[in-house]
Each structure stands twice: as structure tokens, then as C-alpha cells.
Amino acid sequence: MSGRVLVGVKRVIDYAVKIRVKPDHTGVVTDGVKHSMNPFCEIAVEEAVKLKEKKLIKEVVAVSCGPQQVQETIRTALAMGADRGIHVEVSGKDYETLGPLQVSKILAALAKKEQADLIILGKQAIDDDCNQTGQMTAALLDWPQGTFASEVTLDADKLKVVREIDGGLETIKIKLPAVVTADLRLNTPRYATLPNIMKAKKKKIANVKPADLGVDVSSRLEVLKVDEPPQRQAGVKVETVDDLVGKLKEAGRI
Amino acid sequence: MSRMQHAEAKDGEAAAPFRPETPMAKTLMDIGTRRIFSEEHDLFRQNVRRFFQEEVVPYHAQWEKAGEVSREVWEKAGEHGLLGVYTPEKDGGIGGDLLSAAIVWEEQMYCNCSGPGFSLHSEIVMTYISNYGSKAQIEHYIPQMTAGKCIGAIAMTEPGAGSDLQGVKTFAKKDGTDWILNGSKVFITNGWMSDVVIVVAVTNREAKTAAHGISLFLVDNGTKGFQKGRKLEKLGLQSSAELFFEDVRLPAEALLGQANKGFYYLMNELPQERLLIATMALASCEFMFEETRNYVMQRKAFGRTIADLQVVQHKLAELKTDICVGRAFVDSCLQLHNEKKLDSSTASMAKYWATDLQNRVATQCLQLHGGWGYMWEYPIA
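Residues numbered from 1 in each chain as written. Chains lettered and ligands numbered in written order. Predicted model: local features only at pLDDT ≥ 70, side-chain atom pairs only at ≥ 80, totals over all residues. Heavy atoms only, no water.

Quick word on the side chain of B:H80
Along the chain, B:H80 falls in the loop between α2 (71–79) and α3 (98–110). Given a relative accessible area of 14%, B:H80 falls into the buried group. Not counting chain neighbours up to four residues away, the residues in contact with B:H80 comprise A:Y191, A:T193 and B:F51. (Helix = DSSP H or I, 4+ residues; strand = E, 2+ residues; numbered from the N terminus. Buried < 20%, exposed > 50% of the residue type's maximum accessible area, 1.4 Å probe, protein only. Contact = heavy atoms within 4.5 Å.)

Structural notes on the environment of B:I103
Residues and elements named next belong to chain B. With respect to the helices and strands, the residue I103 is situated in helix α3. For I103, a relative accessible area of 0% translates into the label buried. C-alpha of I103 to C-alpha of M193: the two residues are 90 residues apart in sequence and 24 Å apart in space. The contacts of I103, once residues within four sequence positions are left out, are F37, H41, F44, R45 and V48.

A word on helix α6 (residues 194–202) of chain A
Each α-helix winds once per 3.6 residues, and so residues spaced three or four apart point in a common direction. Those residues of α6(A) that fall on the buried side of the exposure criterion are A:L194, A:I197 and A:A200. Across the axial projection of α6(A), the buried residues extend over an arc of 115°, all falling on one side. Of the exposed residues in α6(A), the ones pointing more than 90 degrees away from its buried face are A:K199 and A:K202. Buried residues belonging to α6(A) abut α2 (70–80) of chain A together with α1 (39–66) and α3 of chain B. (Arc of directions from axis to C-beta.)

A word on the interface of chain A and chain B
With 23 residues of chain A at the interface, the matching set in chain B holds 22 residues. Both sides together, the interface formed by chain A and chain B hides about 2,100 Å², and carbon and sulfur atoms give 57% of it. When the buried area of chain A at its contact with chain B is split by residue, A:K34, A:Y191 and A:L194 rank highest and sum to 35% of it. Across the chain A-chain B interface, the total number found is one salt bridge. (Buried area = accessible area lost by both parts, 1.4 Å probe. Salt bridge = Lys/Arg side-chain N within 4 Å of Asp/Glu carboxyl O.)

Some points on helix α1 (residues 39–53) of chain A
All names here are of chain A. Its 15 residues place the ends of α1 21 Å apart at the C-alpha level, agreeing with the 21 Å of an ideal helix rising 1.5 Å per residue. What α1 keeps buried is the set F40, C41, I43, A44, V45, E46, E47, A48, V49 and L51. Directly after α1, the chain includes K55, whose backbone phi takes a positive value near 65°. (Expected span 1.5 Å × (residues − 1).)

Some remarks on the sheet that holds strand β9 (residues 168–175) of chain A
All names here are of chain A. Read across the open sheet, the nine strands follow the order β9-β8-β7-β10-β6-β1-β4-β5-β11; overall the sheet is mixed. Of all strands in the sheet, those bounded by a partner on one side alone are β9 and β11 (205–208). In this sheet, adjacent strand axes meet at a mean angle of 30° when their direction is disregarded. The sheet contact formed by strand β5 (residues 84–89) and β11 spans four bridges and is parallel. Counted as the bridge partner of I86 is A206 from β11. On top of the sheet, helix α5 (residues 133–141) reaches β6 (118–122), β7 (145–155) and β10 (178–182); it is set at about 160° to β6, its chief contact. (Pairing = 2+ DSSP bridges. Axes fitted to C-alpha atoms, helices over the stretch in contact; angles between N-to-C directions.)

As for the environment of A:N196
All names here are of chain A. Mapping N196 onto the fold places it in helix α6. Here N196 falls in the partly exposed class, since its relative accessible area comes to 27%. Each C-alpha atom, one on N196 and one on T133, is 29 Å from the other, the two residues being 63 residues apart in sequence.

Let's talk about the pairing of strand β8 (residues 158–165) of chain A
All names here are of chain A. Pairing of β7 with β8 involves six bridges; the strand directions are antiparallel. Residue pairing in the sheet places A149 in a bridge with R163 of β8. Following β7, the chain reverses through two residues before pairing antiparallel with β8; A156 in that reversal takes a positive phi of roughly 55°. Adjacent in sequence and paired antiparallel, β8 and β9 are bridged by two residues.

Observations regarding the nonpolar core
Membership of the largest hydrophobic core comes to 137 residues, with the highest contact counts inside it found for A:L159, B:Y128, B:I129, B:I198 and B:L334. When residues of this core are assigned to their parent elements, the largest contribution, 16 residues, is made by helix α6 (residues 262–298) of chain B. Ignoring any residue separated from it by four or fewer positions in sequence, one finds B:I198 in contact with B:V125, B:Y128, B:I129, B:A153, B:I154, B:A155, B:L216, B:F217, B:L218 and B:L256. (Core = buried A, V, L, I, M, F, W, Y, C linked by side-chain atoms within 4.5 Å.)

Description of the state of the cysteines
Put plainly, two cysteines are in a disulfide when a covalent bond ties their sulfur atoms together. According to the stated counting rule, one finds zero disulfides over all chains in the structure shown. A:C41 forms no disulfide, and the closest cysteine sulfur to it belongs to A:C65, at a distance of 11 Å. According to the relative accessible area criterion, A:C41 is buried, its value standing at 5%. Distance from the sulfur of B:C324, which forms no disulfide, to the nearest cysteine sulfur (B:C285) is 11 Å. Judged by its relative accessible area of 11%, B:C324 falls in the buried class. (Disulfide = S-S within 2.5 Å.)

Rendered as C-alpha cells:
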């Protein structure tokens, strides 16, 4: 057991920004727009750092895939307490089409290389809402997974995960190595204090290319068009249930 | 508020990110601007901004009504490393640079919450103790002050002496190895909540000039004879108080630095204090400008938003120019002081100019809000 935890952190458009679709409808405007660490990734980092503070694990490694700018995101993870970072360089067209399948292949390769015992990811990213990377990574590694975690308890090589599911809460026990994805209520991410920010400056971020890991990042998906959601139409008030049924039939809904 | 994008990397090489100055940014309070700051500063600023938004803004209105902030917010600020930023780590402070301390000053003004006296506590009171205090005094006070458990104040002003510091009448008489303190102080920021007060007192009435007979004392809250008067209701800047000292017996260890050197210490620290005020005044201008800009862009009159009116555009352009020009000077002073090169007169220039500007901007911005500007519920008031 290496005691090493890999945490994936994704750089996304900040949650407070008003998103605008590009005039050519190929995507959304990202130039000059505020970016931050995906909120669920923050929760993942916090959980990993907590485990280290409890001395249940030894090292937290923050990983991000993307162009130069993602180093900012890795530094934030370092300022929160991660020990070192890995920047997987992906830029240009490859970055635009980078999705869960490619990222999970990268994470799986890194997990093997780093001999990680545990991978903690956010349950989903707030830009694409895929909710796939954690599950795909576990499948590629043939590791057990504890997704939508609202509580994680580590005891030697056994992990108890309380999962948030539609019906309520489900508790499972899985054995390391494993993949966990963080849900909202898992914890409240800490503030990065100035001493930690200064310490983070000295922590190392290694650069790696997907090819070095034997991963092909080309996408099997092609985005045809990106549009705004349709404008919400005003509703219509009806007097009786019969009127309602009539209107629905008119609109071809039933 | 957008973070300025880094220049795109060319051919896989890391491009040095250009840090624009405030006039070029989307808003005057954008993170990622101003060449005096670095990326680490940006990260710190983000966290400080978050602290003020989450822990201060929601409670500020009720604190203003109560005339005091909560003990809790002081301890929270300490917990998150926002106090004692400029105090050296070896003394028990955070050990950050001056620019990081300035970030805390500015962010407080950016959220328009003048209540908590963090900047005075950290970069005035704690600075005096770490610069002139004995090892014992530093060990006793600084860690607690960094933690927000011990709140500091400094008492110079008296009912009869404000600008004329040499006119101070509070007197400490030597009694064996002790001192007996008598006098009163007024307008003391953090005074009401303070746990320790640095009191400026005359110790030698026969000195050749008043300045040569002044000393500084550390007086703990609860010391017999030390009374806090009422909380003062002023125009703004709440958290001010009157302090009374009646035959307060102080041990030798309460003397801060050397006897009769107090005035020299005070003069030494003035550049930093003036810079602090100048920085906060400028930050306040930037906040008021953005607040007003947002207001005029949505306030409708004469068939369009008032931001469409040429006279309003001119006024805003003039205000923005003044503020950005002022910002350039204050930033230059911050950089100088960060290198310990700021002198007293330059600091005075910054303070006088920035506070004058703050007044002008406040008046103009209030007017731009029209009638609503007179309502307390509007931030500009």
C-alpha cells in the first residue's frame, strides 16, 4: 500500500459567470471569462487532504488535464494541502474535444504509474455535467467504485462509503484500491491560507504528455451545434381539467 | 468580476502572463490585475474575498445596529489566517509580505464593511508590539492576536489632543518599578472590544520638548482603574470608544519599548499607517465606482437607462480616471513600502490625496444614485 491518493481537478468556467454561446455555435465563450476549480473537485481535494491530516494516507497528488492555464488549478489544490501536482498537457483541438473517456484513460494510466491506492474525483463537472469520469476510470482499472459519496471512512484497506442516491442514502464497503467520487455534502472545502499558498509555490508540478502514458486523446464524438436553451414561453391558465386535456391534445402532447 | 486570461502559450512555451492595470480591466476590483501583485497574491485575494462574503457581509447590518462586531468573526478571521499577515512568523504572525496585508485591507473595503477593525489590529497595533516589544511581550500577545482571541487597539487621541500629538495629557507616574496611569482617550477604534490597548502617555513632564517625554504602555482589558466609556455614535466608522484610566497600576513589563522614546516610535510607524488609510480610501473609491456603475446601468429614466445619458457617462469617465490615477500612485507607495523604502512625506501625500478623492467620489456617486443615494439601505450611503 503506497498511501498515495490521486485527486483529479478540472478547470471550468466559474459557476457565477453568465454563459454565452459563441456566435458560430461551436461552443461557449471562454476567452476572458473567469475560470475556477470545479466545485466538486474542490470537495475531492478537501477530502484527500483531510485523510492525510488524519494520517490515514501519506501523499496527495493533484492531477489536471489541459493547457498551461490548468497549472493555476493545480496550484489551488497545492495551496489546499496537496503534496505535488501532475499537469497532463493537452491543448488546442484535443483540449476542446477532451472528455470523460480520454480523461479516465489518463487517470487509469497515472494511477498505475503512481501506484495509487485511491482516486478521488468530483462526481461531475459543472460545465459538461457528464458524471462519467469516475465510473469509467474504475472500470478501466477494474477497481471498485463509491460514487456520490457524502461520507467516506477509511480503515486500513477498507473503505466505507455512504452514497447519496435517489431513494436516500446507501452505505457500501469496498476494498482499496478504489475510485470515489465526491458529492456536495461530503465536506466544506477549506480556505487556502497565506502560509499554505506560499508553501504551494515550492511544491512540484510534473509535466506529462498523454502519449507518454500511451493514451490516445482523439475523440470519437463530434459536437455538431451548441445552442442556448429555448426561451421559456409564458404559461396559459385554464379553467377546468377538460380545458387542460383539450389544450394538451391541441399541442400534440397527448 | 472576471479573472484576466493568461496569454496563450506559444509552441508549448510558458508565456509570462500580462497583468493589466485597473483601467484596462472589466472592473476596478478584478482579480488578476495590477503589476505589483503575483499569482499567489491572486489566490490569497480570492480566499480573502470569500471570507468577507461568507463571514462578514451577511452579519454587517446587525453589527452596525449593535455598534459592535462579534467576537466570533475575529476568531474566524484568525483561524483563516487573515490577522497579523505582515507580522513575522518568528514572532507568531503569518509572515506574509506587505502586499498580502494590503489585500486584506482592500477586500474589506470592496465588500463595504468598515465594522471589523482588522487592519488597525494587524498592521498598526501588532506592528508596534513586534517592532518595539520585548521577547516576553511578543510571546504573550502576538500569537493570541494572530488567532483573533486578543483584540488590539491603540490610544493616542484625547479630547484635547488629536492632530497635536504632543498635547497629550495622559500621564504615567513612576512608582518604584511600577507606573500609575491617569487620563482619558477618545475615538479609539476597536476600543470597545479591545483586550489590549497601547496607551500613549507622558512619562516625563520635564522633558525639553513634549515629544521627548512620551512613552507607550500595554494595558490589558480588566486592569483595575481602566474603564471603557460608551460606544461612540459617529457618522460612520463605528467600533470607536472612550477609554478612562484612573490610577491604573502598571508593572514595568507593561512599558512598550524604552521610556520616553514613544514619540520616536509613533513617528516611525506613521508611513505605514498613512499608507494603510490611503489604500483603504482608494479601495473604497473603487468599490463605490463599481457600485454606481452597476446602478446607472440598470436605473431607467427618460426612456432609457441613465447610463445612456452623456452627462452620466462623462461623470463616470472622470471619476474612473481620477480613481485609476490615484490607484497608480497608491500602488507605487505600496511597492515602495514593501521594499521598506516609503518615506513619511510620500505616505502623507498618498493619504491626503486618497482620502480627499474618497470624499469627492462618495459625493458624486451618491448624487448619481439620485434620491436613492440618501437611503441607508443603499450601499452607497
